[in-house]
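Summary of structural features
In case you want the letters, here they are:
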Amino acid sequence: MGTDSELFSLVYFSRSTVEPRKVDAEIRSILDSARKKNPEYEVTGALLFSRGFFAQVLEGSLTSVQSTLEKIRSDPRHTEISVLSCRPIAKRNFADWSMAYAEPDRDGTVSERINGILENASCIDCDDAGSEVLSVLQMLITGSETISSGT
Ligand SMILES: Cc1cc2nc3c(=O)[nH]c(=O)nc-3n(C[C@H](O)[C@H](O)[C@H](O)COP(=O)(O)O)c2cc1C
């Protein structure tokens, strides 16, 4: 456990409980809340929705990442929240976004990859699944898959 200035990256996934026809509106509302509130806690990150699953990366101090997760946990728009990894990072992967949104890809390649991870994440190696989700989000959002992990 480090000091509060130490940066952490937490990756979780969850199952959406939102009716398919309401998903777009709910994602908009989630992003609105996140973009309004995360700056206050210096939380950055990225959100993905793919075939009924959410996957999200939260970055910030351990306290702020944990309290943001606790708030999100009690949200009725999803269930079965599984934390895949929570590890210290040297720098933010999503520094420019209070909450980036990764649009689902058109040809479904990324969805296949994400769903493969999420469906099997219970849980052969959570840490690997966490890294893989992070890497997919990074690729979708920044166009680069190079993750600066704890170096
Ligand atoms: C998948 C998912 C991700 C969310 N991510 C965030 C987030 O990063 N930051 C945040 O403040 N709220 C997030 N929320 C929304 C919170 O659960 C909660 O609804 C919101 O912060 C409450 O805002 P309000 O006080 O304006 O109603 C998320 C919700 C869901 C379902």
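A few points about the site of the ligand
Near the ligand you find 15 residues, and of these Ser-33, Ala-34, Lys-37, Phe-54 and Asp-75 are the closest. At the level of elements, helix 1 (23–37), strand 3 (53–61) and helix 2 (62–73) are the ones that each hand at least two residues to the shell around the ligand. When residues of the shell around the ligand are assigned to their parent elements, the largest contribution, four residues, is made by helix 1. Class assignment of the residues belonging to the shell around the ligand gives a composition of six nonpolar, five polar and four charged.

Here we look at the packing of helix 3 (residues 109–119) against helix 4 (residues 126–142)
At a closest axis distance of 10 Å, the pairing of helix 3 and helix 4 adopts a crossing angle of 160°. By the angle class used here, helix 3 and helix 4 are roughly antiparallel. Between helix 3 and helix 4 the crossing geometry is left-handed. Touching Val-110, Arg-113, Ile-114 and Ile-117 of helix 3 are Ala-129, Glu-132, Val-133, Val-136 and Leu-140, all from helix 4. Here the residues of the contact of helix 3 with helix 4 sort into seven nonpolar, no polar and two charged.

A short note on the environment of Tyr-101
Within the element layout of this structure, Tyr-101 appears in strand 5 (residues 100–102). Between the alpha carbons of Tyr-101 and Ile-27 there is a distance of 9.0 Å; along the sequence they are 74 residues apart.

As for the confidence of the model for the protein
This prediction gives the protein a mean pLDDT of 85; 85% of its residues lie at or above 70. Element-level mean pLDDT values for the protein span from 73 in helix 3 up to 97 in helix 2. The low-confidence segment residues 147–151 (pLDDT under 50) makes 13 contacts with residues lying over four places distant or belonging to another chain.

As for the nonpolar core
Ranked by internal contacts, the top residues of the largest apolar core, which has 32 residues, are Phe-13, Ala-46, Leu-48, Ala-55, Val-133 and Leu-137. Elements with a contribution of two residues or more to this core: strand 1 (7–16), helix 1, strand 2 (44–50), strand 3, strand 5, helix 3 and helix 4. Per-element tally for this core: the top contributor is helix 4, with six residues. Setting aside its immediate chain neighbours within four residues, Val-133 contacts Val-11, Phe-13, Ala-55, Leu-84, Ile-114 and Ile-117.

Conventions used here
- Residues numbered from 1 in each chain as written.
- Predicted model: local features only at pLDDT ≥ 70, side-chain atom pairs only at ≥ 80, totals over all residues.
- Near = placed C-beta within 6 Å.
- Helix = DSSP H or I, 4+ residues; strand = E, 2+ residues; numbered from the N terminus.
- Nonpolar A, V, L, I, M, F, W, Y, C, P; charged D, E, K, R; others polar.
- Axes fitted to C-alpha atoms, helices over the stretch in contact; angles between N-to-C directions.
- Parallel < 35°, antiparallel > 145°, perpendicular 65-115°, else oblique.
- Left-handed = near helix turned anticlockwise from the far one by under 90°.
- Contact = placed C-beta atoms within 7 Å.
- pLDDT = per-residue confidence, 0-100.
- Core = buried A, V, L, I, M, F, W, Y, C linked by C-beta atoms within 7 Å.
- Buried ≥ 20, exposed ≤ 12 C-beta atoms within 10 Å, placed from the backbone.

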